[in-house]
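Analysis of the macromolecular model
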Amino acid sequence: MTQQPLFTSSATAVGGRQGRVESSDGNIKFDLAMPGSPRAKELPNATNPEQLFAAGYSACFDGALQHMARKAHIKFESQVTANVSFLKDEDDQGYKIAVTLQIKGTGIEKEKLEDLVHKAHEFCPYSKATRGNIEVTLEVIE
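Anyway, here's the lowdown on the structure attached to this text. (Residues numbered from 1 in each chain as written. Predicted model: local features only at pLDDT ≥ 70, side-chain atom pairs only at ≥ 80, totals over all residues. Heavy atoms only, no water.)

Note that E111 resides in helix α3 (residues 110–123). A sequence separation of 29 residues divides E111 from V140, and the C-alpha atoms of the two residues are 9.6 Å apart. (Helix = DSSP H or I, 4+ residues; strand = E, 2+ residues; numbered from the N terminus.)

Given below as structure tokens:
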């Protein structure tokens, strides 16, 4: 039985990594450029797919972390930075990505934060989508 989506977000890319991307509602309109490329020098405000993925994953994970905190009746401030790396894939000579999530908590003991981070990693839709597909490293930082 197929579940009904709560919502669907759409974006369209034209020109691949050296093109542009726009969301269906027009809120996102970005030029794309590979870092270090001539196009990136011409368009210093251009982004790349890894930056967009990092933005989505960090926001989703922070939301999952705060959800786990509310369930545990714990209040603290959190900050999640997703570092998305573009890597050479030796298996097929193509490319792949890896993610390091850096999680910072203010007003919480490190052990409690680490426990919540692991629970959030089980709960977060981005973590579920990447599990077993890419390497995701969790770093609790102070």
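This part takes up the pairing of strand β1 (residues 11–14). It is a general feature of regular strands that their side chains alternate between the two faces of the sheet. Two elements, β1 and strand β2 (residues 20–23), share four bridges in a ladder whose sense is antiparallel. Paired with T12 across the bridge in β2 is E22. Once β1 ends, the chain turns through five residues before running back antiparallel as β2, passing G15 with a positive phi of about 90°. (Pairing = 2+ DSSP bridges.)

Between its terminal C-alpha atoms helix α2 (residues 49–71) stretches 33 Å, which fits the 33 Å expected from 23 residues at 1.5 Å a residue. Those residues of α2 that fall on the buried side of the exposure criterion are E50, A54, G56, Y57, S58, C60, F61, A64, L65, Q66, M68 and A69. Contacts from the buried residues of α2 go to β4 (77–89), β5 (94–106), α3, α4 (125–130) and β6 (136–141). For α2, the side-chain oxygen to backbone nitrogen distance between the N-cap and E50 is 3.0 Å, and the N-cap itself is N48. Directly after α2, the chain includes H73, whose backbone phi takes a positive value near 60°. (Expected span 1.5 Å × (residues − 1). Buried < 20%, exposed > 50% of the residue type's maximum accessible area, 1.4 Å probe, protein only. Contact = heavy atoms within 4.5 Å. Polar contact = N/O pair within 3.5 Å; in protein donor to acceptor, adjacent residues only side chain to side chain.)

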